[in-house]
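Observations on the model geometry
Residue strings, one per chain:
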Amino acid sequence: MVSLATEKKQDLNLLSRIASGDGHGENSSYFEGWKAYEENPFHPIDRPDGVIQMGLAENQLCGDLMRKWVIEHPEASICTEQGVNQFSDIAIFQDYHGLPEFRQAVAKFMEKTRNNRVKFDPDRIVMSGGATGAHETVAFCLANPGDGFLVPTPYYPGFDRDLRWRTGVNLVPVTCHSSDGFKITVEALEDAYEKALLSNIPVKGLLMTNPSNPLGTTLDRECLKSLVNFTNEKRIHLIADEIYAATTFGQSEFISVAEVIEEIEDCNRDLIHIVYSLSKDMGLPGFRVGIIYSYNDRVVQIARKMSSFGLVSSQTQRLIAKMLSDEDFVDEFIRESKLRLAARHKELTTGLDGLGIGWLKAEAGLFLWMDLRNLLKTATFDSETELWRVIVHQVKLNVSPGGSFHCHEPGWFRVCFANMDHKTMETALERIRVFTSQLEEETKPVAAAPMMAKKKKKCWQSNLRLSFSDKRRFDDGFFSPHSPVPPSPLVRAQT
Amino acid sequence: MRLIVPLRGVIQGRGGLFVGSLIPCCLFYFLQLYLKGRRPPPSDPTELPRTSSRSNLFSRGNSIGRVRVSSRALPVAKPSDSPYYIGLERVKTDPYDRITNTDGIIQLGLAESTLCFDLLQRWMSENLMDSIMQSDAGEFDISNIAMYKPFEGLLELRVAFADFMSRIMGGKVSFDPSNMVITAGGTPAIEVLAFCLADHGNAFLIPTPYYPGFERDIKFRTGVELIPVHCRSSDNFTVTVSALEQAFNQARKRGSKVSGILFSNPSNPVGNILSRETLHDILKFAQEKNIHVISDEIFADSVYGDKEFVSMAEVAYSEEFDKSRVHIIYALSKDLSIPGFRAGVIYSFHEDVVNAAKKLMRFTSVSVPVRRILISLLSDVRFIEEYMTAHRQRIRDKHIRFVEGLKQLGIPCAVSGGGLYCWVDMSSLLTSYSEKGELELFEKLLTVAKINATPGTACYCIEPGWFRCCFTALADEDIPVIMDRIRQLC
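Residues numbered from 1 in each chain as written. Chains lettered and ligands numbered in written order. Predicted model: local features only at pLDDT ≥ 70, side-chain atom pairs only at ≥ 80, totals over all residues. Heavy atoms only, no water.

The next subject is the overall build of chain A. Each helix and strand counted, chain A has 18 helices and 13 strands in total. Counting across all 495 residues of chain A, residues that qualify as buried make up 61%. Excluding contacts between residues fewer than 6 apart, the proportion of contacts in chain A whose partners are at least 24 apart in sequence is 74%. Total accessible area computed for chain A in this model is approximately 19,500 Å², and 52% of it derives from carbon and sulfur atoms. (Helix = DSSP H or I, 4+ residues; strand = E, 2+ residues; numbered from the N terminus. Buried < 20%, exposed > 50% of the residue type's maximum accessible area, 1.4 Å probe, protein only. Contact = heavy atoms within 4.5 Å. Areas by Shrake-Rupley, 256 points an atom, 1.4 Å probe, with all protein chains shown as cover.)

Shown next, in the form of structure tokens:
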């Protein structure tokens, strides 16, 4: 019998570095926000003082349209009376090429979201386990351990994990400045490239997100051309994450890298790759539909073989194929989605304008890049974290601090607005209003302070009463893909 | 020195100073000429090959004009030379159909089952969309299928899987849902486990013959090696401790760090079911060497023989073992014939492995609509019991027919009790008892008999002449057709 002490010692040697290391990124202090939400999630009736989730970029504004379509098309699912005749063919299908009708439908949808200005070849469409899986697979294909990708800041924090954890690839930040609206300049690219070389990191590619997460801005044609030219000149890959392609609203227009390469002579297309997904544009993150679209035949071949590690389930492929082939539905969905995003964006920005809170002008994405620099005690990230903690624990809004996006400058926050209903948005704005007026009070004479402190205390002490509901948010299932917090056993008791 | 001393004689002679300085200069001049002749001509700066441009300084091996993928991805790009994949591709070019293409190639190379689709279809149509769409309140709620859910699977799903697995394994072991992580199929399950248990460059011992897909699942991206542990027909291809010891020691001599043993039970491609004693021996060996045990039990319900299936989980519960080194892979692709659904399981007794695997599920999680169907399906105990009985009976019947057909041709099979295939000894048909002979027979089977069976070489079998033949996607009337075709080669 092995003694406990020896067991423990043996234990330490038994796991891989990947498993025992921190590559998952969940030890970051930024998870405090998720934890606060999970421990006390907002509900308009049962938990009106709970934390409002504004840190999750989900598109829930058109769920009603999706619902209607699914109910009206039972033949699209193989698990209904109308669709079950297809069951045996579909249930047994596991070819990593994917159903041809699925690839065709996705290609058509990608064309539609780019206003049909460019064509996509269904044979270049490769499946993956969501955009998360797509990014990782692309990293495996293009870079060896120790190689690097340039990534303009601020960028989606998930990249630190998705592109690095199992692949061993480095991310080299390309600093973008608020002074010029966070534009990606060739100077910044060159600078980052040089720095990488000096650090002995072979640069293999440039990863850019367009429309940008967290900024919500889209790249104009000139900028896109300069990125393509830069990567061509350096002979490095260009990976364009276009998962928010259809979330543009207002005046802004989305231009895909696919369009731009048509306009550049001598563009080496073997260097161009697009990562796409249905999670944001169609609001279907649960379906895990990730797409790699590469102009490089070899990458398509390799990624396709690797797609076995994250295939889209065949019945999901079939459902999506049917849905996206319904052109009337797709047109209506995209149109409505843009209108609703615009309206929700306007609601939030009008509210912030009224409070004198700045935000980066942008018309895409499911979020806003809010400027709270003038609320920082000092222009430091420590100060930003302090302010963020107040917003999470006191104002009870889980927003995401710019530091977690590697923003060069403290004071910026990403605020998601498409994952909630109108009433919740109103509540969030009201809380911000209360908070800003409290801050104004704080700058008044000291006499007011005790009352403030008392108010604050009251805020912290509220919500000790736990309430349960069978609404979807409170079964043990609902929490974000980013949260490391396991469900509380108490929450399950109701169901 | 030798050059200088004779020169002294020359220098000290007439005109010595002149000659004394001239000769070294001449020698030096001729030396320079000689060296210059050896040097490559300097290239015109405008024609500098791209490999010397700075962007490629660090990209070793980049050739002019070609865009490189990563060196680890390159081997993946190569078309596979494994007969396993070659056979599968050939069938696609000319697939048999008993009505429209009776001369086509019959697929015996893919372990899939269509035997119980009627039951599944009936269940699906009777249980309709309830399982996908409805919330507890009975309303249709799109967010139930569309929104993010925990990547590692709802507790409900894990409970359903735990119960199902326990049931199909004879109810002799219970699985704890908190030790379970749900993956998008068996393929990602094995890869994620490999990432958790072994570092790049480490190795797993693996008894041969083994499922060819492990080469891809383990080696593509993890960098983990597979070290074969050869098993013989004399033992009915059952792994022995001595073979494990030998392989382990040889690996150590070569400097390979062995992290674990990976095996399938029921085994693929042989189909034998490992006895409790063998499992015990494997676990004891692993304990001694302080390595992991990964038991791929993906065919646990596809058992048709008289031998009882015993899960490694059951053996692990016996007190003398440190359970934390035991990990089990499962998936619904084989037993439930729904590979398209992409649902698999990592079951581990090691809490840290479960936690790490959970976090890795973001790269490969089950689509939410599928989860909801599976919760309903796997929780429907009445249906599962009915399915299990029918499934085992139908495989048994088909197995008997197939093996009997081969017996009539004088072709024996290994003793097996599980899986969707049998391990056929076609050595009597070989022109030479060698790998070459086996591959020739494989080609003949494809081109003359128009049958795709997987040769033992593809499974790293050390004895030539063995072929894996999958029979669970065949109709009864296909079997005589197959036997007739094989008879042509006898």
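Anyway, onward from the coordinates.
Turning to the overall build of chain B, a few remarks are in order. Helices and strands together make up the secondary structure of chain B, namely 18 helices and 12 strands. Here chain B holds 490 residues, and the buried ones make up 58% of them. Pairs at least 24 apart in sequence give 73% of the contacts found in chain B among residues at least 6 apart. As displayed, chain B has an accessible area near 20,300 Å², and 54% of this comes from carbon and sulfur atoms.

All names here are of chain B. In terms of residue burial, strand 7 (residues 326–331) counts as a mostly covered element, since 6 of its 6 residues are buried. Of the two faces of strand 7, the one holding V326, I328 and Y330 and the one holding H327, I329 and A331 are both buried throughout. In the sheet, strand 6 (residues 292–296) pairs with strand 7 via 4 bridges, with the strands oriented parallel. In the sheet register, S295 faces strand 7, and the bridge partner there is I328. Sheet analysis places strand 7 next to strand 8 (residues 344–348), joined by 5 bridges and oriented antiparallel. Residue pairing across strands places I328 opposite Y347, the latter belonging to strand 8. (Pairing = 2+ DSSP bridges.)

Residues and elements named next belong to chain B. Burial within helix 10 (residues 213–222) is extensive, with 9 of its 10 residues counted as buried. When helix 10 is considered as a whole, its buried residues turn out to be G213, F214, E215, R216, D217, I218, F220, R221 and T222. Note on helix 10: the residue one or two positions beyond its end, G223, has a positive phi of about 75°.

All names here are of chain A. For strand 5 (residues 203–209), the buried fraction is high: 7 of the 7 residues fall into the buried class. Of the pairings in the sheet, the one linking strand 3 (residues 148–152) to strand 5 comprises 3 bridges and is parallel in character. Following the sheet pairing, G148 is matched in strand 5 by V203. Where strand 5 and strand 6 (residues 237–241) come together, 5 bridges link them in parallel fashion. Residue pairing across strands places L206 opposite L238, the latter belonging to strand 6. Between the parallel pair strand 5 and strand 6, the chain is carried across by helix 10 (residues 221–234), and the sense of this crossover is right-handed. (Right-handed = clockwise from strand over helix to strand, strands pointing away.)

What follows covers the pattern of salt bridges. Taken as a whole and assessed by the stated rule, the structure comprises 57 salt bridges over all chains. A salt bridge links K436 of chain B to E440 of chain B, with the nearest nitrogen and oxygen atoms 3.3 Å apart. One end of the pair is K436 of chain B and the other is E440 of chain B, both in helix 17 (residues 435–447) and 4 residues apart, which spans about a single turn. For K436 of chain B, a relative accessible area of 59% translates into the label exposed. For E440 of chain B, a relative accessible area of 37% puts it in the partly exposed group. Each member of the salt-bridge network shares a partner with another, and the members are R117, R221, K225, E253, E259 and E263 of chain A. (Salt bridge = Lys/Arg side-chain N within 4 Å of Asp/Glu carboxyl O.)

As a further point, take the sheet that holds strand 12 (residues 466–470) of chain B. All names here are of chain B. Taken in spatial order, the 3 strands of this open sheet run 9-12-11, and their pairing is antiparallel. One side of each edge strand has no neighbouring strand; the edge strands of this open sheet are strand 9 (421–425) and strand 11 (454–455). Note: strand 9 against strand 12, 5 bridges, orientation antiparallel. Bridge pairing in strand 12 places V424 opposite F467.

One pass over the full model with this rule turns up 32 aromatic pairs over all chains. Ring geometry for F237 of chain B versus W466 of chain B: centroids 5.1 Å apart, planes at 85°, classification edge-to-face. A residue pair is termed long-range when its members are at least 10 positions apart, and F237 of chain B in the loop between strand 4 (225–229) and helix 11 (241–254) and W466 of chain B in strand 12 qualify at 229 residues. Look at F237 of chain B and you get buried, because its relative accessible area is 6%. Among the aromatic residues, those joined into a ring-pair cluster are F182, W369, F405 and W412 of chain A. Across the ring face of Y276 of chain A, the terminal group of R114 of chain A is positioned such that the distance to the ring centre comes to 5.3 Å. A cation sits over an aromatic face here: K234 of chain A above Y193 of chain A, 5.0 Å from the ring centre. (Phe/Tyr/Trp six-rings, centres within 6.5 Å; stacked < 30°, edge-to-face > 60°. Lys NZ or Arg CZ within 6 Å of the ring centre and 35° of its normal.)

Here we come to the nonpolar core. Residue and element names in this part refer to chain B. Formed by 207 residues in total, the largest nonpolar core has its most connected members in F341, L374 and F402. Among the elements that take part in this core, helix 16 (residues 381–408) stands out by supplying 8 residues, more than any other. Summarising the domain contributions, this core has at least three residues from each of domain 2 (83–117 + 384–487) and domain 3 (139–382). If near-sequence neighbours (up to four positions away) are discounted, F402 is found in contact with L108, C422, C469, F471, L474, I479, I482 and M483. (Core = buried A, V, L, I, M, F, W, Y, C linked by side-chain atoms within 4.5 Å. Domains from an automatic or database assignment.)

Residues and elements named next belong to chain A. A full pass over the atoms with the stated rule returns 0 disulfides over all chains. Between C267, a free cysteine, and C223, which holds the nearest cysteine sulfur, the sulfur-to-sulfur gap is 15 Å. Judged by relative accessible area, which is 13%, C267 ranks as buried. (Disulfide = S-S within 2.5 Å.)

All right, on to helix 8 (residues 155–168) of chain B then. All names here are of chain B. The terminal C-alpha atoms of helix 8, which comprises 14 residues, lie 20 Å apart, in line with the 20 Å expected from a rise of 1.5 Å per residue. Burial in helix 8 covers these residues: L157, R158, A160, F161, A162, F164, M165, S166 and I168. On the buried face of helix 8, the contacting elements are strand 2 (180–183), strand 7, strand 8, helix 15 (368–379) and helix 16. At the exit of helix 8 stands G170, carrying a positive phi of roughly 85°. (Expected span 1.5 Å × (residues − 1).)

Helix-helix packing is characterised by the crossing angle of the two axes and by the distance between the axes. All names here are of chain A. Close contact between helix 6 (residues 100–112) and helix 13 (residues 314–325) brings their axes to 8 Å; oriented N to C, the two are set at 40°. By the angle between their axes, helix 6 is oblique relative to helix 13. Between helix 6 and helix 13 lies a crossing whose hand is left-handed. Within the contact between the two elements, helix 6 uses E101, F102, A105, V106 and F109 and helix 13 uses Q317, I320, A321, L324 and S325. Residue composition of the contact of helix 6 with helix 13, grouped by class: 7 nonpolar, 2 polar and 1 charged. (Axes fitted to C-alpha atoms, helices over the stretch in contact; angles between N-to-C directions. Parallel < 35°, antiparallel > 145°, perpendicular 65-115°, else oblique. Left-handed = near helix turned anticlockwise from the far one by under 90°. Nonpolar A, V, L, I, M, F, W, Y, C, P; charged D, E, K, R; others polar.)

What follows deals with the packing of helix 5 (residues 117–127) of chain B against helix 16 of chain B. All names here are of chain B. Two numbers describe how helix 5 lies on helix 16: the axes approach to 10 Å, and their chain directions differ by 160°. In terms of orientation, helix 5 lies roughly antiparallel with respect to helix 16. As for the relative orientation of helix 5 and helix 16, their crossing is right-handed in sense. The segment helix 5 lies against helix 16, with D118, L119, L120, R122 and W123 engaging F383, E386, Y387, A390 and R394. Residues of the contact of helix 5 with helix 16, tallied by class, amount to 6 nonpolar, no polar and 4 charged.

Here the focus is the side chain of N202 of chain B. All names here are of chain B. Its location among the elements puts N202 in the loop between helix 9 (186–197) and strand 3 (203–207). Classification of N202 as buried rests on a relative accessible area of 9%. In this structure the side chain of N202 is engaged in a polar contact, spanning 3.3 Å, whose partner is the side chain of S259. Leaving out residues up to four positions away in the same chain, N202 has contacts with G223, V224, E225, K257 and S259. (Polar contact = N/O pair within 3.5 Å; in protein donor to acceptor, adjacent residues only side chain to side chain.)

Residue and element names in this part refer to chain B. Taken as a whole, chain B shows an average pLDDT of 85; of its residues, 81% reach a score of 70 or greater. Below pLDDT 50 for its whole length, residues 1–7 participates in 2 contacts with residues either more than four positions away or in separate chains. A low-confidence stretch, residues 40–64 stays under pLDDT 50, and its non-local contacts, those more than four residues away or across chains, total 23 contacts. (pLDDT = per-residue confidence, 0-100.)

This paragraph deals with the sheet that holds strand 5 of chain A. All names here are of chain A. The strand order across the open sheet formed by 7 strands is 2-8-7-6-5-3-4, and the pairing between neighbours is mixed. Unpaired on one side and paired on the other, strand 2 (125–129) and strand 4 (170–174) mark the two borders of the sheet. The average angle at which neighbouring strand axes cross in this sheet is 25°, direction not considered.

Turning next to the side chain of S166 of chain B. Among the secondary structure elements, S166 of chain B is positioned in helix 8. Not counting the four nearest positions on each side in its chain, S166 of chain B is found in contact with G171, K172, V173, S174 and F175 of chain B.

A separate point is the environment of E440 of chain B. On a C-alpha basis, the gap between E440 of chain B and I182 of chain B in space is 42 Å, while along the polypeptide they are 258 residues apart. A distance of 3.2 Å separates a polar atom in the side chain of E440 of chain B from a polar atom in the side chain of T431 of chain B.

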